[in-house]
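Here is what each chain is made of, one letter per residue.
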Amino acid sequence: MVRETEISTQFGFEIRDLIPQRGVYLIKTNKGNKCLKKVNYGPHKLMYIYKAKEHIIKNGFDKIDKNELSLKGLPYAIVNEDLYVVTEWIDGRECDFRNDEDLKIAAKTLAKFHLAARNFVPEDNLKARNDIGKLPYTFEKRLTTLNKMKDIARKNKKKTEFDILYLDNVDFYIELAKKAIEKLDLDAYNRVCQKDLNDKVLCHHDFTYHNILIKDNGDVYIVDFDYCKEEIQIYDLATLMVKALKRVDWRLEKANLIVDNYNAVKPISVDELKVLKALLAFPQRFWRIANRYYYKEPGWSEASFIKKLREILDEKDKYISFLESF
């Protein structure tokens, strides 16, 4: 339940209407339309994200969901220990990854964002959220988890449909994970990490269609920086490619379209390309859906888990064919 009066008082506007959207609220106020969101993390992390966004804007990329400040000058309101943020409402359509022009726009926009998302030095009291250098550990840990979840499924006396599907396919994805780990050139990866550390880069970390909004006038905005952190920027390009390619049957020409348009704005180094191929080769989506299932992430029904898993399994041949040709 959103306490409109407290939020209105803290931000200094009158809420005239409140309309639920995808995980947020469109609020119509006497000072224009705004986006209201309840966040599930604390003020420390929120201030890090706010400072990062302000830095990116000052660096020349202002097409993001800029935070509104409260009357106290804070980028949030606290209501009964819940934390709310208000950002400008971006009135645009979601990027369509099945459309070539939108794919070009997404790739070029990501590259422009990456050029501005650098030289960020957090204040001493804001601990940096830094994942640079952790990829080999992450790959190994997730490979271990695939095996652990295999044991969980095998030990279940009354196996679910998900258990059966997982057990029938997990060995294939374990081998894929091992190959991705072998594919990751550690020397190339370390060079990419060192360069991005030196450049003090930021990564959006959730660069997908619903976080890319295209306005009628052609302006393209990136929104929802909840996962923003210091990470090698090629990670964002891998995310964009996976999110897009799964919707277009893992077609090689679509992958090249994304890479070429990103590269035209921000050149991809030979080392980054090697890391990108390893990121694409790791069966992240198979690991994630199983991890959510076996470690009981709330909010999803059994049917939803099975549907998601079947979607991943159904595209297996096209995915492998893509990996062999990219």
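Source: prediction; values computed, not measured.

## Describing the sheet that holds strand S1 (residues 15-20)
- Read across the sheet, 5 strands follow the order S1-S2-S3-S5-S4 without closing on themselves; strand pairing throughout is antiparallel. Edge positions in the open sheet fall to S1 and strand S4 (77-79), since each of these has one partner strand only. On average, each strand axis in the sheet is inclined to that of its neighbour by 30 degrees, with strand direction left out of account.
- Relative to strand S5 (residues 82-88), S4 runs antiparallel, the two being bridged by 3 bridges. The residue bridging Ala77 from the neighbouring strand is Tyr84, located in S5.
- Sheet contacts for helix H1 (residues 4-11): S1, strand S3 (32-39), S4 and S5; angle to S4, the most-contacted strand, approximately 150 degrees.

## Section: helix H11 (residues 302-314)
- An ideal rise of 1.5 Å per residue puts 18 Å on 13 residues; H11 measures up with 18 Å between its terminal C-alpha atoms.
- Taken together, the buried positions of H11 are occupied by Phe305, Ile306, Leu309, Ile312 and Leu313. The buried residues of H11 occupy one face: seen down the axis, they fall within an arc of 125 degrees. Seen from the open side of H11, the exposed residues pointing more than 90 degrees away from its buried face are Ala303, Lys307 and Asp314.
- In this structure, the buried residues of H11 make contact with helix H5 (161-183), helix H10 (284-294) and helix H12 (316-325).

What counts, and where the lines are drawn
Every chain begins its residue count from 1, and numbering advances along the sequence as written. Where totals are concerned, whole chains, interfaces and linings use all residues; where local detail is concerned, this predicted model gives features only for residues with pLDDT of at least 70, and gives and counts side-chain atom pairs only at 80 or more. Each side-chain value is derived from all of the structure's non-hydrogen atoms; neither hydrogens nor water enter the calculation. Two strands pair if DSSP finds at least two bridges between them. Helical segments are the DSSP runs of H or I of at least four residues, strand segments are the runs of E of at least two, and each set is numbered from the N terminus. Lines fitted to the C-alpha atoms define the axes, with helices restricted to the stretch that makes contact. Angles between their N-to-C directions range from 0 to 180 degrees. Throughout, a contact is declared for two residues whenever any of their heavy atoms are within 4.5 Å. What a helix is expected to span follows from its residue count: subtract one and scale by 1.5 Å. Burial status follows relative accessibility: with a 1.4 Å probe on protein chains alone, a residue under 20% of its type maximum counts as buried, one over 50% as exposed, and anything between as partly exposed. By construction, the arc corresponds to the directions joining the helix axis to the C-beta atoms.

In short, shape yes, function no, at least from these values alone.
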